[in-house]
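# Survey of secondary and tertiary structure
The lines below spell out each chain.
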Amino acid sequence: MALIDGSTLGIALSGGGFRATLFGLGSLWRLNDAGLLGRLDRVTSVSGGSILAGVLASRWRELQFVDGKATNFERVLARPLQEFCSHTADIEAGILGWITPFRSAGDYLCRHYQDALFGQMKMHDLPPREHNATPLFVFYATNMQTGRNFRFRQDFIADYRLGINATDNFTLATAVTASSAFPPIFSPVNIKTDPNAWSDAAWHGDPGVLERLRRDIILADGGIYDNMGVESLNESVKLISDAGAPFSYEESPRGDYFSQLARVRDILIDQTRALRKRHLMEDFEAKRERGAYWGVGTDIGDYAVDAKLAVDSASTAALESMPTRLACVELDQQGRLINWGYALADAALRAPSRANLAVAPASTLPRPEFPLN
């Protein structure tokens, strides 16, 4: 699915609850209108972005592509995702996990994903990579034992320390749950695998320890390790749709142990994300890498392109402070998030000296009834 110039194209969909799901939906909508969705070679995702990627992966066979554009994008992807984001998922799952013996909040979240979106579809049921007609889908979780990112793909699961396992086959709902299991409510997500099904481990210690680590794996939200999901995005053109939470200032941090630990967690995640973004932008500016970045907190005025679909306003700024929960998003807020992702993707794709994809300006927003002003 290489581009006209032979380049490969990948997109990373960040974490950030339903905000990231809807903002990312707008980003994919713009790629589709530009004829680029059907030319994607890789889709990597974290947390809320993994909900979007899961729906895209599970329904890829239903999309009807003409010159890289799915003519039924809205019906197959947008409507089901907007319906899903109209219902709160985190409160019920959290409460049931708290009061039910031997079942966790992650178990109930997984059941919610199964019932509403994925059923019992497994990772190996996703369209294979035959003849490059389907993107490689990579769902990130964080392995709490090895401290590395754990990858669910349609062809295998992998961890840098544990190796590669092409035999164990988990449900898509499990992959999305592990990717979105933000601590402490929804984590950990425990999975079991056959230790003998793994190979190619970067391991030099006690083989007995490795066997135990491969048998019982403890996972949490992929954003702990990489909230933008860019680590394995190695295509020649890299696109990043980032709806991650901005770092919030606290004038008087609370002094109890749990609040301090939560604050330290947020600082560490924010610094990791900032470093990844900084290195990425430096590579784009120096033309060492080819690609584009747009984030929910990006000023659209910073892009030196004509015919922008929106201007920076109080309405667009408010989207940055929207809670990053798996909670009901009202229809007007959904429309603005989709439009903002679409407008920023349009500007970023056309910005000179970055992606160089020769994308024509879009003429209208996908949800014009919800203007960004």
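Scroll up to find the structure this text is about.
Residues numbered from 1 in each chain as written. Predicted model: local features only at pLDDT ≥ 70, side-chain atom pairs only at ≥ 80, totals over all residues. Heavy atoms only, no water.

## What to know about the overall build of the chain
Across its full length, the chain carries 11 helices and 13 strands. For 373 residues, the compact-globule estimate of 2.2 N^0.38 gives 21 Å, and the chain sits close to it at 20 Å. Across its three principal directions, the C-alpha atoms of the chain cover 60 × 55 × 40 Å. When burial is assessed residue by residue, the chain has 56% of its 373 residues classed as buried. Contacts in the chain between residues at least 24 apart in sequence constitute 76% of all its contacts with a sequence separation of at least 6. (Helix = DSSP H or I, 4+ residues; strand = E, 2+ residues; numbered from the N terminus. Rg over C-alpha atoms; globule rule 2.2 N^0.38 Å. Buried < 20%, exposed > 50% of the residue type's maximum accessible area, 1.4 Å probe, protein only. Contact = heavy atoms within 4.5 Å.)

## Points about the nonpolar core
The biggest cluster of nonpolar side chains holds 98 residues, and the ones touching the most others in it are F139, F152 and W294. Examining the composition of this core, we find that 10 residues originate from one element, helix 11 (residues 331-350), more than from any other. Within the second largest apolar cluster, 9 residues are counted, among which are V230, L280, F284 and Y293. (Core = buried A, V, L, I, M, F, W, Y, C linked by side-chain atoms within 4.5 Å.)

## Here's the deal with the packing of helix 5 (residues 105-118) against helix 6 (residues 172-179)
Two elements in contact, helix 5 and helix 6, have axes whose closest approach is 9 Å; the angle formed by their N-to-C orientations is 130°. Judged on the interaxial angle alone, helix 6 and helix 5 are oblique. Judged by the twist between their axes, the crossing of helix 5 over helix 6 is right-handed. Listed contacts from helix 6 to G106, L109, C110, Y113, Q114 and F118 of helix 5 are L172, A173, T174, V176 and T177. Taken together, the residues of the contact of helix 5 with helix 6 sort by class into 7 nonpolar, 4 polar and no charged. (Axes fitted to C-alpha atoms, helices over the stretch in contact; angles between N-to-C directions. Parallel < 35°, antiparallel > 145°, perpendicular 65-115°, else oblique. Left-handed = near helix turned anticlockwise from the far one by under 90°. Nonpolar A, V, L, I, M, F, W, Y, C, P; charged D, E, K, R; others polar.)

## Focus: the packing of aromatic side chains
One pass over the full model with this rule turns up 9 aromatic pairs. With 6.4 Å between their ring centres and 50° between their planes, Y113 and F118 make a pair best called tilted. For the residue pair Y113 and F118, the accessibility class agrees, reading buried in each case. One aromatic cluster in this structure is built from F18, F84, Y113 and F118. Here the guanidinium or amino end of R103 rests over the ring plane of Y108, the centre of that ring lying 4.8 Å away. (Phe/Tyr/Trp six-rings, centres within 6.5 Å; stacked < 30°, edge-to-face > 60°. Lys NZ or Arg CZ within 6 Å of the ring centre and 35° of its normal.)

## Some details on a nonpolar patch on the surface
Together, I91, I95, W98 and I99 make up an exposed nonpolar region whose accessible area comes to about 510 Å². Tracing the chain through its elements places W98 in helix 4 (residues 90-99). Given the relative accessible area of 78%, W98 is considered exposed. (Patch = residues over 30% accessible without salt bridge, like charges linked within 9 Å, V, L, I, M, F, W, Y side chains within 5 Å. Areas by Shrake-Rupley, 256 points an atom, 1.4 Å probe, with all protein chains shown as cover. Salt bridge = Lys/Arg side-chain N within 4 Å of Asp/Glu carboxyl O.)

## Topic: helix 5
In a regular helix each residue adds 1.5 Å, so 14 residues correspond to 20 Å; helix 5 covers 18 Å between its end C-alpha atoms and thus fits that length. Taken together, the buried positions of helix 5 are A105, G106, Y108, L109, C110, Y113, Q114, L117 and F118. Check the buried side of helix 5 and you find it contacts helix 2 (48-58), helix 3 (73-84), helix 4 and helix 6. Phi turns positive, to about 55°, at G119, one or two residues after helix 5. (Expected span 1.5 Å × (residues − 1).)

## Focus on unusual backbone geometry
Omega for the bond connecting P183 with P184 falls within 30 degrees of zero, at 0°, which places this linkage in the cis form. Structurally, P184 can be placed in the loop between helix 6 and strand 9 (189-192). With an omega dihedral of 0°, the bond running from S187 to P188 counts as a cis peptide bond. Positive phi, normally seen in glycine, also occurs at S47, with a value near 50°.

## Topic: the pairing of strand 1 (residues 9-13)
Taking burial as the measure, the 5 residues of strand 1 include 5 buried ones, the bulk of the element. Burial along strand 1 is two-sided: L9, I11 and L13 facing one way and G10 and A12 facing the other are all buried. With 5 bridges joining them, strand 1 and strand 12 (residues 237-242) adopt parallel strand pairing. By the bridge assignment for strand 12, I11 is matched with L239. In terms of strand pairing, strand 1 meets strand 2 (residues 42-46) through 4 bridges, oriented parallel. Bridged to G10 within strand 2 is R42. The parallel pair strand 1 and strand 2, bridged by helix 1 (residues 17-33), forms a crossover whose chirality is right-handed. (Pairing = 2+ DSSP bridges. Right-handed = clockwise from strand over helix to strand, strands pointing away.)

## Structural notes on helix 3
Under the 1.5 Å per step criterion, the end-to-end length of helix 3 is 16 Å for 12 residues, consistent within 8% with the ideal 16 Å. Taken together, the buried positions of helix 3 are occupied by F73, V76, L77, A78, P80, L81, Q82 and F84. Looking at the buried positions of helix 3, the neighbouring elements they touch are helix 1, helix 2, strand 4 (69-70), helix 5 and helix 11.

## Details of the side chain of N149
Mapping N149 onto the fold places it in strand 6 (residues 149-153). At 3.2 Å, the side chain of N149 and the side chain of R151 are in polar contact. For N149, the residues in contact, after removing those within four places along its chain, are Y140, A141, A158, D159, Y225 and E231. (Polar contact = N/O pair within 3.5 Å; in protein donor to acceptor, adjacent residues only side chain to side chain.)

## A word on the environment of V230
Along the chain, the position of V230 falls in the loop between helix 8 (223-226) and strand 12. For the pair V230 and S104, spaced 126 residues apart in the sequence, the C-alpha separation amounts to 29 Å.

## With respect to the pattern of salt bridges
Proximity of charged atoms lets side chains of opposite charge pair with each other. Applying the stated criterion to the full structure yields 12 salt bridges. The shortest N-O distance in the salt bridge between R42 and E235 comes to 3.1 Å. Here E235 lies in the loop between helix 8 and strand 12 and R42 lies in strand 2, a separation of 193 residues in the sequence. Summarising the burial analysis for this pair, R42 and E235 share the class buried. Each of R30, D346 and R350 takes part in salt bridges that share partners, so that together they form one network.

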